[in-house]
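Listed below, chain by chain, are the residues.
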2 protein chains.
Amino acid sequence: MNSTSRMPTRQGVLEAAEKIAALLPPTPLLPAQINGVRCWVKCENLQPIGAFKIRGAWHRLTALSDGEKARGVVAVSSGNHAQGVAWAARELGVDAKVVMPHDAPQVKLDATRAFGAEVVIYRRPEEDRDGVAAQIIERTGGVLVHAFGDPWVIEGQGSMGIEIVTQLGREPSRIAAPCGGGGLVAGLSLACPSSAIVPVEPEGWDMVGKSLAAGEIVTASPNPPKTICDALQPLATKQINLDILRGRSDPGVAVSDEEVLAAQRFAFSKLHLVVEPGGAAALAAALAGKLDLDENTVIVLTGGNVDPAAFAGTVSAER
Amino acid sequence: MNSTSRMPTRQGVLEAAEKIAALLPPTPLLPAQINGVRCWVKCENLQPIGAFKIRGAWHRLTALSDGEKARGVVAVSSGNHAQGVAWAARELGVDAKVVMPHDAPQVKLDATRAFGAEVVIYRRPEEDRDGVAAQIIERTGGVLVHAFGDPWVIEGQGSMGIEIVTQLGREPSRIAAPCGGGGLVAGLSLACPSSAIVPVEPEGWDMVGKSLAAGEIVTASPNPPKTICDALQPLATKQINLDILRGRSDPGVAVSDEEVLAAQRFAFSKLHLVVEPGGAAALAAALAGKLDLDENTVIVLTGGNVDPAAFAGTVSAER
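Every value quoted in this text rests on a predicted model; they were computed, and no experiment measured them.

1. A look at the pairing of strand β2 (residues 37-43) of chain A
Residue and element names in this part refer to chain A. For β2, a buried count of 5 out of 7 residues is recorded, marking the element as mostly surrounded by other parts of the structure. In terms of strand pairing, strand β1 (residues 29-34) meets β2 through 6 bridges, oriented antiparallel. Looking at β2, one finds that Ile34 is bridged to Val37. The turn linking β1 back onto β2 is made up of 2 residues, and Asn35 within it adopts a positive phi angle of 50 degrees. Bridge count for β2 against strand β10 (residues 297-301) is 4 bridges, and the pairing is parallel. Opposite Val41, over in β10, you have Ile299 as the bridge partner.

2. Considering the domain arrangement of chain A
A common way to express how large an interface is: the accessible area buried when the components associate. All names here are of chain A. Taken domain by domain, chain A consists of domain 1 (10-51 + 152-316) and domain 2 (55-144). If you average the C-alpha positions of domain 1 and of domain 2, the two centres end up 22 Å apart. In this complex, domain 1 contributes 30 residues to the contact, which on the side of domain 2 involves 19 residues. With both sides pooled, the region where domain 1 packs onto domain 2 buries about 2100 Å², and carbon together with sulfur makes up 57% of that total. The largest contributions to the domain 1 side of the interface with domain 2 come from Lys19, Ile49 and Trp152, which together make up 29% of the buried area. In this structure, Arg55 and Glu44 form a salt bridge, with 2.7 Å as the shortest nitrogen-oxygen distance. One can count 14 residue pairs in polar contact (both at pLDDT 80 or more) joining domain 1 with domain 2. Elements supplying a minimum of two residues to the side of domain 1 that touches domain 2: α1 (10-23) and α7 (151-168).

3. Quick word on the sheet that holds strand β10 (residues 297-301) of chain B
Backbone-to-backbone hydrogen bonds pair the strands of a sheet. The strands run either parallel or antiparallel. Residues and elements named next belong to chain B. What the 6 strands build is an open sheet, ordered β1-β2-β10-β7-β8-β9; its pairing is mixed. Each edge of the open sheet is held by one strand with a lone partner, namely β1 (29-34) and β9 (253-255). Direction aside, neighbouring strands of the sheet carry axes that sit 30 degrees apart on average. This element, helix α7 (residues 151-168), spans β1, β2 (37-43), β7 (174-178) and β10 of the sheet and lies at about 135 degrees to β2. Contacting β7, β8 (196-202) and β10, helix α8 (residues 183-191) crosses the sheet at an angle of about 160 degrees to β7.

Conventions we followed
- Residues numbered from 1 in each chain as written.
- Chains lettered and ligands numbered in written order.
- Predicted model: local features only at pLDDT ≥ 70, side-chain atom pairs only at ≥ 80, totals over all residues.
- Heavy atoms only, no water.
- Buried < 20%, exposed > 50% of the residue type's maximum accessible area, 1.4 Å probe, protein only.
- Helix = DSSP H or I, 4+ residues; strand = E, 2+ residues; numbered from the N terminus.
- Pairing = 2+ DSSP bridges.
- Domains from an automatic or database assignment.
- Contact = heavy atoms within 4.5 Å.
- Buried area = accessible area lost by both parts, 1.4 Å probe.
- Salt bridge = Lys/Arg side-chain N within 4 Å of Asp/Glu carboxyl O.
- Polar contact = N/O pair within 3.5 Å; in protein donor to acceptor, adjacent residues only side chain to side chain.
- Axes fitted to C-alpha atoms, helices over the stretch in contact; angles between N-to-C directions.

Spelled out as structure tokens, the structure:
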């Protein structure tokens, strides 16, 4: 419960990378031509759960004590962290309860349940999801596995950076990644100390970028705009993420829904990859000319869990 | 022009693999759970042209003499070989003319032209595409790059098998691959002498399977059934392919349109990959229980070039 009492470390990232390499093959790092520049895409949509969140969940759950495992885990997630926790919990024989919004994509709800987790629905934005989780924890004594504000989760997500360095043969000049609460970009910052790390967020939900600019945590407005990036809607980052990113991360970049849709279509037609809206945010920034690109730039595609009807509408829409 | 006068060799496959490794990174070999068995998918849909045909085209065009290069190349293709030849020709500064059917997917026509090739349309089934190509060759003196009945093309496609062995760390027990004229399966037979090679074809277009069973070339009926596998409709294999495959390839497997559609949906939702109908034929056979699967089985996904509207219809259809 007091998991935020320690700071994540580069050593922890290296340990996470070793644990994850023993479990999963590296996801492909593929060359791509973006606006005439040959750079790289890191295909975390090709993970077994279709998203990078398997990394942090695995590093966190394998660090639980036997007593903690017996009490089970509790997570709050729009769907990919949910699947990561559910997948890791099943592998380890741990009970998992996941608090998910009513408007999460059906594929994410179905997959989380298929991995054996109990899904508890809350209505957003009215209901306080952290409050729902706290009630469950009070009742069960379960261990909260926070989606981004947790040292093990940050280290686990950072393992992606260790893989990238091995695959590229050097540290990238720049890694641009879709950003929700800031767990992945914090982990990448630890993994790749020489790389510029660029968080990319939906317009109006760019709370990490705004927090970096302000030097303190900025919370989303009470009536934030709609976004198609279901995976990138936390109301605020956490201090642990901001402490790692401050002075380390590039200024954030924000992208529109139209830019995200264009990126999903590009991934479909040019890369032959299925990418969910939030997973395409960094690619959207690159295509929109909002990122400096060079041959050592890596664009992370974080996930591919998208409802078929939504994806069909996206790819068949007029450009 | 008399390129069929020599037989392709394993040494030629190894040379092709070296040339292609210098040009392109290996395509991912990803683990996949199919009918409860963990096996492997080889993702040739992630090639720069979205299909494996870049291999044979590169090996063939780089073997041309300067005089042949000056006269240009001519190909006949429903679209992926077209793109492979067009891509290689552009890289080498060679003129390319490609004969394509009127009903080829628009994305394949567009991409072939975008790589700088001249596209000559023929109407199928009325017009004789080989006759159209012969007329162009008579006029220009260009070199025919046959889509499958060519020793360099066969060796080039076989380079995929060399990659698979490196990635898997051993020869697969079995490689199942979508099959049109039989260039790829012939190349894989040379590359992986200990692996069972299984050609998978659309029902009614299983001319390689039928030819293997008959011990001689069998030609498609004058009114073959419709198939959604636009890439797998040659009217007959060639002697060079049959000579390699005879006594070497497993009996062929045939799949229905419905099985292919189910495989495309599986690739979308479980693998997060875009696969065209013909590219999903071997996966379709695996999912339909028509293939023996084990942990050393490799399923080849040959391509991902599919029109957006067609793909939208496929993934959003009721199952």
